[in-house]
Amino acid sequence: MTHSGNRSTRTFKPKKNIPEGSHQYELLKHAEATLGSGNLRMAVMLPEGEDLNEWVAVNTVDFFNQINMLYGTITDFCTEESCPVMSAGPKYEYHWADGTNIKKPIKCSAPKYIDYLMTWVQDQLDDETLFPSKIGVPFKRNFMSVAKTILKRLFRVYAHIYHQHFDSVMELQEEAHLNTSFKHFIFFVQEFNLIDRKELVPLQELIEKLTTKDR
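Note that the structure is a prediction, hence the values are computed from the model and not measured.

Reading the values: the criteria
Residues numbered from 1 in each chain as written. Predicted model: local features only at pLDDT ≥ 70, side-chain atom pairs only at ≥ 80, totals over all residues. Heavy atoms only, no water. Helix = DSSP H or I, 4+ residues; strand = E, 2+ residues; numbered from the N terminus. Buried < 20%, exposed > 50% of the residue type's maximum accessible area, 1.4 Å probe, protein only. Contact = heavy atoms within 4.5 Å. UniProt positions renumbered as here; feature names shortened; annotations may be inferred. Expected span 1.5 Å × (residues − 1). Axes fitted to C-alpha atoms, helices over the stretch in contact; angles between N-to-C directions. Parallel < 35°, antiparallel > 145°, perpendicular 65-115°, else oblique. Left-handed = near helix turned anticlockwise from the far one by under 90°. Core = buried A, V, L, I, M, F, W, Y, C linked by side-chain atoms within 4.5 Å. Phe/Tyr/Trp six-rings, centres within 6.5 Å; stacked < 30°, edge-to-face > 60°. Lys NZ or Arg CZ within 6 Å of the ring centre and 35° of its normal.

Q: Break down the overall build of the protein chain for me, citing the residues and quoting the values.
A: Along the backbone of the protein chain there are 8 helices and 2 strands. Each helix (α) and strand (β) of the protein chain, taken in turn from the N terminus, gives the series α-α-α-β-β-α-α-α-α-α. The 215 residues of the protein chain split such that 48% are buried. Within the protein chain, counting contacts between residues at least 6 apart in sequence, those at least 24 apart form 73% of the total.

This is the structure we're talking about:
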């Protein structure tokens, strides 16, 4: 997309739905109910007797949907012109590679990078061998490493929104929504050690601010 005028007409990635009545749907409902209690540290913990892979899978889908929605609110402000590189402040710049279609990291605009990223994540989530939606279908051995890569990349969308578009978020009065979503995300990845600390550095101060009150 080079012309920013028709950017807003582009529909964003479809929401990934967890089938109603499935065990994963029950887990998602459990996650939503415990979130309502306001205690995020408790809400992210693995429910008793549940499978860690399944818990990570359900929450990864949920974070994808949340970030999708949050980024969707500011797509009009994230254009080739406003964001010619995918950055998180002046010190951090991300180049895209997915290891299959694009092997060598390419420098591209933020909207293009996020489009690549969300399309790539959607493809992983839609892959039944990676994210089985049927009961009793086992997760692959490498599931956790795939989930970690997805979450590491989703973090970059939060980082870009906070660093480059927080003014727009405030104008739209979405900051409480963004902060709650990001706080949930951070507590989750901290609980299961899913993202390397060095990857989180672009939002380190914010992470400290959001998490110290709840220790």
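Q: Describe in detail the UniProt feature "binding site: Zn(2+)" (unreviewed entry) in the protein chain, supporting the description with residues and values.
A: As recorded in UniProt, the feature "binding site: Zn(2+)" (unreviewed entry) lies at Cys78, Cys83, His160 and His165. Considering the C-alpha atoms alone, the annotated residues occupy 88 residues of sequence yet fold into one spot, their largest mutual distance being 9.9 Å. Counting through the fold element by element, cysteine 78 comes out in the loop between helix H3 (52–74) and strand E1 (86–87). Within the fold, cysteine 83 resides in the loop between H3 and E1.

Q: Which residues make up unusual backbone geometry, and what are the values?
A: The phi dihedral of glutamine 173 is positive, around 55 degrees, even though this residue is not glycine. Mapping glutamine 173 onto the fold places it in the loop between helix H5 (143–171) and helix H6 (175–191). Of note, asparagine 193 is a non-glycine position whose phi angle comes to about 55 degrees, a positive value.

Q: Give me the environment of leucine 206: which residues, what numbers.
A: Relative to the elements of secondary structure, leucine 206 occurs in helix H8 (residues 204–212). Judged by its relative accessible area of 17%, leucine 206 is buried. On a C-alpha basis, the gap between leucine 206 and lysine 183 in space is 9.4 Å, while along the polypeptide they are 23 residues apart. Among residues more than four places away in sequence, those in contact with leucine 206 are Tyr162 and Phe182.

Q: How would you explain helix H4 (residues 110–126) if you had to name every residue and give the values?
A: Compared with an ideal rise of 1.5 Å per residue, which puts 17 residues at 24 Å, H4 spans 24 Å between its outermost C-alpha atoms and is within 8% of the ideal. Of the positions making up H4, those classed as buried are Ala110, Pro111, Tyr113, Ile114, Leu117, Met118, Trp120, Val121, Gln122, Gln124 and Leu125. For H4, the secondary structure elements touched by its buried residues are H3, E1, strand E2 (93–94) and H5.

Q: Tell me about the packing of H3 against H5, and name the residues and values.
A: Where H3 meets H5, the axes come as close as 10 Å, and the angle between the chain directions of the two elements is 25 degrees. When the interaxial angle is binned, H3 and H5 end up roughly parallel. Relative to H5, the crossing made by H3 is left-handed. For the pair formed by H3 and H5, the contact residues are Leu52, Asn53, Val56, Ala57, Thr60, Phe63, Phe64, Gln66, Ile67, Leu70, Tyr71 and Ile74 on the first element and Phe143, Met144, Ala147, Ile150, Leu151, Leu154, Val157, Tyr158, Ile161, His165, Ser168 and Val169 on the second.

Q: Explain the nonpolar core to me, using residue names and the numbers behind them.
A: In this structure, Leu154, Phe155, Tyr158, Phe182, Phe185 and Leu203 are the most contacted members of the largest nonpolar core, which totals 66 residues. Only helix H1 (23–36), H3, H4, H5, H6 and H8 provide two or more residues apiece to this core. The biggest single contributor to this core is H5, with 14 residues. With residues up to four places along the chain from it excluded, the contact list for phenylalanine 182 reads Phe155, Tyr158, Tyr162, Leu203, Leu206, Ile207 and Leu210.

Q: Give a description of the packing of aromatic side chains that names residues and reports values.
A: For the structure shown, the criterion picks out 15 aromatic pairs. Judged by centre distance (6.2 Å) and plane angle (40 degrees), the rings of phenylalanine 155 and phenylalanine 182 are tilted. Separated by 27 residues along the polypeptide, phenylalanine 155 in helix H5 and phenylalanine 182 in helix H6 bring together distant segments of the chain. Across this residue pair, the class does not change: phenylalanine 155 and phenylalanine 182 are buried. The interplanar angle of 55 degrees and the centroid separation of 5.0 Å between the aromatic rings of tyrosine 158 and phenylalanine 185 together place this pair among those described as tilted. Separated by 27 residues along the polypeptide, tyrosine 158 in helix H5 and phenylalanine 185 in helix H6 bring together distant segments of the chain. Here the aromatic cluster, defined as three or more aromatic residues joined through ring pairs, consists of Phe63, Phe155, Tyr158, Tyr162, Phe166, Phe182, Phe185, Phe188 and Phe192. Sitting over the ring of tryptophan 120, arginine 153 keeps its end group 4.4 Å from the ring centre.

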